[in-house]
Amino acid sequence: MLHFSASLPFDRRLAFVDIKGSIAHVQMLKKQGIIASEESEQIINGLEEIRVELEQGQFPYDLDFEDIHMNIEKRLTEMIGPVGGKLHTARSRNDQVALDTHLYMKEEIKALDLLLTQLQETILHLAERFEGVLIPGYTHLQRAQPVLLSHHLLAYFWMLKRDRGRLEGVLKHTDLMPLGAGALAGTGFDIDRLQVADSLGFAVLYENSIDAVSDRDYIIEFLSFAAILMMHLSRLCEELINWSSAEFGFIEIDDAYTTGSSMMPQKKNPDLAELARGKTGRVYGSLIALLTVMKGLPLAYNKDMQEDKEGFFDTVDTLKGLLPLLSEMLKTITVNSSCLKEAVDDDYLCATDLADYLVKNGLTFREAHHIVGSLIAYCRKEKKRLRQLASEIRGRFHPALAEEISSLLDPVKVVEARRSRGGTAPSAVKEQLRLAWKELS
Ligand code: ARG
């Protein structure tokens, strides 16, 4: 039973925030005259010593004690004697665990936000490096219209901006101080919760002790943020996987992030991108797991809530492992210009522009769409490209099409024409890049 119910194997990573929280608690107890000054000094010295033991890998974990919190308290009492037992005055493990998880979350949010900024910066540098490179843009995975590769990549910059916005929201709902809730009802000791909050850098207090120990919203919000972020990274990686396949042949990823096959010598498997896509599954799983754990739980603490940690920690580790690697991998990408040129040279990609041209000649867009559709159907039947049709033949579909229209069939010109704000013209993308850099700074 002890081993099954222990959280020690996975909650040891809370050791340092546990000590930090305990020291703040003891200082408050002393200031309020709840424990004597020399007692608080002994306890704090003991906790500092334990911190050193932890740092040096000398801490004697004992699985006979359920979690890291009890392990630290037990070790403290071993070191300084029965006075160690005063640490837990006016405190329950319920509010202690809540405090530790909040402190840990706040640190990890800071670290993750930095990694997200770095990924955004990598994307901006890539967008600059690939200036002027055209790719076919797709809808339904069918070639649709030519776009700048930079423009396509920058779409991910803005997704990440929203991800960081969501993370900021998580921080807001994590920046609440739960200690002082006790087991659930508060405490009869004359504590000062504001002092604890101030010394630990919390913005506000939980105003309801039952809410303080029952709340796992901030973890669920974090997992939601992570799930959406992983969805974005998975889409990016899916594109890199497609683009680096022989079928597309648009890009190459450096060998450091791919593997060979044990059987097929020609293979270069985009392992990192595939793992990023695959690990999205466990992050979604952790979100659904915790939502399910919390659903239907009566207030306040229930042992079920110990299940909040593994999925949360696993998600932190997944993101902290993945984000820097993804950034590094992106930096190594090179484009295959000849394949891209050929892909973009498909003049059907310019069909929208032909239709727009007819609109400028007085047709409604629907009429124009229909006419260009027939023209393309004709080309497909005759196995010809648009630019191979004689003007006289084009004229049969509409007189305006008999005019000189070669610039409408040139992907570079077509891209240059999309100057609307947020569009793919080089001038618009330049402006977008300026805004993106401003956003980052
Ligand atoms: N190890 C537990 C957890 O992480 C702490 C238990 C707190 N309270 C209790 N009454 N068992 O959730």
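Refer to the structure presented above.
First things first, this report covers the structure right here in the doc. Note that the structure is a prediction, hence the values are computed from the model and not measured.

Attention shifts here to the layout of surface pockets. Taken as a whole, the largest pocket holds about 470 Å³ of empty space. Contributing to the lining of the largest pocket are 21 residues, with Y138, H152, Y156, E239 and W243 lying nearest its centre. For the lining of the largest pocket, the secondary-structure elements that each account for two or more residues are β1 (134–139), β2 (142–148), α7 (149–174) and α10 (217–243). A per-element tally of the lining of the largest pocket places α7 first, with six residues. Classifying every residue of the lining of the largest pocket gives ten nonpolar, eight polar and three charged.

A separate point is a nonpolar patch on the surface. Taken together, the side chains of L184, I210 and L299 make up a nonpolar region of the molecular surface, amounting to roughly 280 Å² of accessible area. Take L184: it is sitting in the loop between β3 (176–177) and α8 (193–200).

Viewed as axis vectors pointing N to C, helix α3 (residues 15–31) and helix α6 (residues 93–129) meet at an angle of 120°, and their least axial separation amounts to 9 Å. With respect to the hand of their crossing, α3 and α6 are arranged in right-handed fashion. Contacts between α3 and α6 involve V17, D18, K20, G21 and S22 from the first element and Q96, L99, D100, L103, Y104 and E107 from the second. Here the residues of the contact of α3 with α6 are counted per class, giving four nonpolar, three polar and four charged.

So, on to the site of the ligand. Neighbouring the ligand are the residues S7, E66, D67, R93, N94, V97, Y301, Q306 and K309. S7 places a polar side-chain atom, nitrogen or oxygen, 3.0 Å from a nitrogen atom of the ligand. Within the side chain of Y301, an N or O atom sits 2.5 Å from an oxygen atom of the ligand. Relative to its unbound accessible area of 340 Å², the ligand is 85% covered by the protein chains. With three residues, the top contributor of residues to the shell around the ligand is α6.

When charged atoms on two side chains of opposite charge get close, those side chains can pair. Inspection of every chain in the model, using the stated rule, returns 31 salt bridges. Note that E107 and K20 form a salt bridge whose closest N and O atoms lie 3.8 Å from each other. With a gap of 87 residues between them, E107 in helix α6 and K20 in helix α3 connect regions that are remote in the sequence. With a shortest N-O distance of 2.7 Å, D175 and K106 are connected by a salt bridge. With D175 in the loop between α7 and β3 and K106 in helix α6, this residue pair connects regions lying 69 residues apart in the sequence.

Analysis parameters
Residues numbered from 1 in each chain as written. Predicted model: local features only at pLDDT ≥ 70, side-chain atom pairs only at ≥ 80, totals over all residues. Heavy atoms only, no water. 1 Å grid on protein atoms, 1.4 Å probe; cavity = no way out; pocket = protein on both sides within 12 Å on 5 of 7 lines; lining within 4 Å. Points joined across faces, edges and corners; volume = space filled by probe spheres on them. Helix = DSSP H or I, 4+ residues; strand = E, 2+ residues; numbered from the N terminus. Nonpolar A, V, L, I, M, F, W, Y, C, P; charged D, E, K, R; others polar. Patch = residues over 30% accessible without salt bridge, like charges linked within 9 Å, V, L, I, M, F, W, Y side chains within 5 Å. Areas by Shrake-Rupley, 256 points an atom, 1.4 Å probe, with all protein chains shown as cover. Salt bridge = Lys/Arg side-chain N within 4 Å of Asp/Glu carboxyl O. Axes fitted to C-alpha atoms, helices over the stretch in contact; angles between N-to-C directions. Left-handed = near helix turned anticlockwise from the far one by under 90°. Contact = heavy atoms within 4.5 Å. Near = heavy atom within 4 Å. Polar contact = N/O pair within 3.5 Å; in protein donor to acceptor, adjacent residues only side chain to side chain.

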